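# Residue-level structural notes
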Amino acid sequence: MNGLVVVTAWRLFICRACGLVYDEAKGDADSGLAPGTRFDDIPDDWACPLCGVTKADFEPYDRTEVARSTAAPRRSTGPRHDAGIVIVGAGRAGWQMSQALRERDADVPITLVTACDAAVYDKPLLSVAFAKGLALPSLVKEPAEHAAQRLNVRLLARTQAVSVSTRARTLRTTRGSLRYRHLVLAHGAAPRELAALPAALCWRINHRDAYVRFRSALGEPAPSVEPPNDAFATSTHRVLIVGAGLVGCELANDLALAGHPVTLLDVNALPLAALLSEAQSRDLLAAWAGLPLQFVGGVSVDSVTRHGRTLTVRTTDGQAFDAEHIVAATGLHTPSRLALSAGLAWDNGIAVDAQTLRTGVATIHALGDCISIDGQAHRFIEPIARQARVVAGNVLGGPELHYARIPTPVRVKTGSRPFTV
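Residues numbered from 1 in each chain as written. Predicted model: local features only at pLDDT ≥ 70, side-chain atom pairs only at ≥ 80, totals over all residues. Heavy atoms only, no water.

## Details of the overall build of the protein chain
So the rule is basically this: Helix and strand labels come from DSSP, where a helix needs a run of H or I of at least four residues and a strand needs a run of E of at least two; each type is numbered from the N terminus. Only protein chains enter the accessibility calculation, which uses a 1.4 Å probe. A residue is then buried if its area is under 20% of the maximum for its type, exposed if over 50%, and partly exposed in between. Contact definition: two residues touch when any of their heavy atoms are within 4.5 Å. Each accessible area is a Shrake-Rupley result for a 1.4 Å probe, and residues are judged covered by the shown protein chains and nothing else.
Per the secondary structure count, the protein chain includes 8 helices and 27 strands. Within the protein chain, the proportion of its 421 residues that are buried is 46%. Residue pairs in contact within the protein chain that sit at least 24 positions apart in sequence constitute 61% of those at least 6 positions apart. Total accessible area on the protein chain stands at roughly 20200 Å², and carbon and sulfur atoms take up 51% of it.

So, in structure tokens, the structure goes:
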């Protein structure tokens, strides 16, 4: 047995953050890793050349298993050579886009790529679920697999979209590259991150997955667990919310109605200062008087620290507030990675034509929370269905459709004192 050489197959590892695949056989020239460098031999402080996370954020990757898992639910009757339409995002905009396309064309191939589980739900309910008596399982209107089958959509859930090649008309994902005839970006916006509110210590609730984890942390069983008779938490937790805008105020009101003591902080002197008049803001404070809800205005967060199960928020003026949970509700921003990789114009979001919702690339449209029109982001629910119909019509051909921006009322769902502005 002398001279026996054991050859181990080259392995692949994928970045959980951005989808970059490290191939041991190829190495990574950008990082100075020669072909044949084993993953185990890479220094622990090595950073992903695409997004900058560390080696610890990579996991083994099996292309064979991925290929088996991406099969379409049923075969399209469209031409085999047609790459069809690829949609990124399975929130309200992504599913509305799929619906609008299918209503116009029964056969066009549609692929929906999303980082979440793709369940169909109404996001506005997340901030009023306690008031409406909604247990976690009832938040889902339609399971993702049912919606995909109903609309004959190839669904790639739990899949990150990494980059776009406009020349090759391909979308790179963590499940391989997808060709497209038209690409529609509907991936929404993400919570804005601030250095004073570290992600490891703060909740950012912008989708159902995060909300389910938050409610479970408050004491309610996850949807996969049989709930008790009173579907909600049996103990109260102190919650501190940073940001008294629309989401922060609605969530604070809802948690307080459920009996959780809430402290709400904001840089403005009054809640909902950007939407309400001073008189209306004071009406809201008066309505909160009977709830375990304290509003503190005119403060900025300086730091967050943990001591056991208690988190302490310190403000720049020297005040300190303790809680078991901190929620950052400090606004949204549009992730720019896909747009920049495609060379799309950027102006406080993906810049689109005001009438056609087309980007600067003829084969790429965008809608929903991720777009901006004349530099203004449009992050409301009402326009999405109209936007989807316009994009569907323009993508599938025929007379060009135009999107009309219509001022719409905003419903402030603070149950103790609701407003329409």
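Read on for the rest.
## Describing the sheet that holds strand 1 (residues 12-15)
Formally: Here a strand pair is declared whenever DSSP counts at least two bridges between the two strands. Interaxial angles span 0 to 180 degrees and are taken between N-to-C directions of axes, which are lines fitted to C-alpha atoms, for helices over the stretch in contact.
The strand order across the open sheet built from 3 strands is 2-1-3, with neighbouring strands paired in antiparallel fashion. Each edge of the sheet is formed by a strand with only one pairing partner; in this case those strands are strand 2 (21-23) and strand 3 (58-61). Averaged over neighbouring strand pairs, the angle between their axes works out to 35 degrees when direction is ignored. With 3 bridges joining them, strand 1 and strand 2 adopt antiparallel strand pairing. Across the sheet, the residue bridging to Phe 13 is Tyr 22, located in strand 2.

## What about the nonpolar core?
So the rule is basically this: We call a set of buried residues a nonpolar core when its members are Ala, Val, Leu, Ile, Met, Phe, Trp, Tyr or Cys and they connect through side-chain atoms within 4.5 Å of each other.
Counting residues in hydrophobic clusters, the biggest one holds 54 residues, and the most contacted among them are Ile 87, Trp 95, Met 97, Leu 171, Leu 183, Leu 185 and Ile 364. It is helix 8 (residues 383-396) that contributes the most residues to this core, 6 residues altogether.

## Details of the confidence of the model for the protein chain
To keep it simple, the criterion reads: Per-residue confidence from the predictor is reported as pLDDT, a score between 0 and 100.
Per-residue pLDDT for the protein chain has a mean of 87; in total, 88% of the residues score no lower than 70. Contacts of residues 225-234 to residues separated by more than four positions or lying in other chains number 16 contacts, the stretch itself having pLDDT below 50.

## Things to note about helix 8
Put simply, the rule is: Under the convention used throughout, the expected extent of a helix is 1.5 Å for every residue step, that is, one less than its residue count.
The first and last C-alpha atoms of helix 8 sit 20 Å apart over 14 residues, in line with the 20 Å expected at 1.5 Å per residue. Most of helix 8 is tucked away, with 11 of its 14 residues classed as buried. Among all positions of helix 8, only Pro 383, Ile 384, Arg 386, Gln 387, Ala 388, Val 390, Val 391, Ala 392, Gly 393, Asn 394 and Val 395 are buried. On its buried side, helix 8 packs onto strand 4 (85-88), helix 2 (92-104), strand 12 (182-185), strand 23 (364-366) and strand 24 (371-373).

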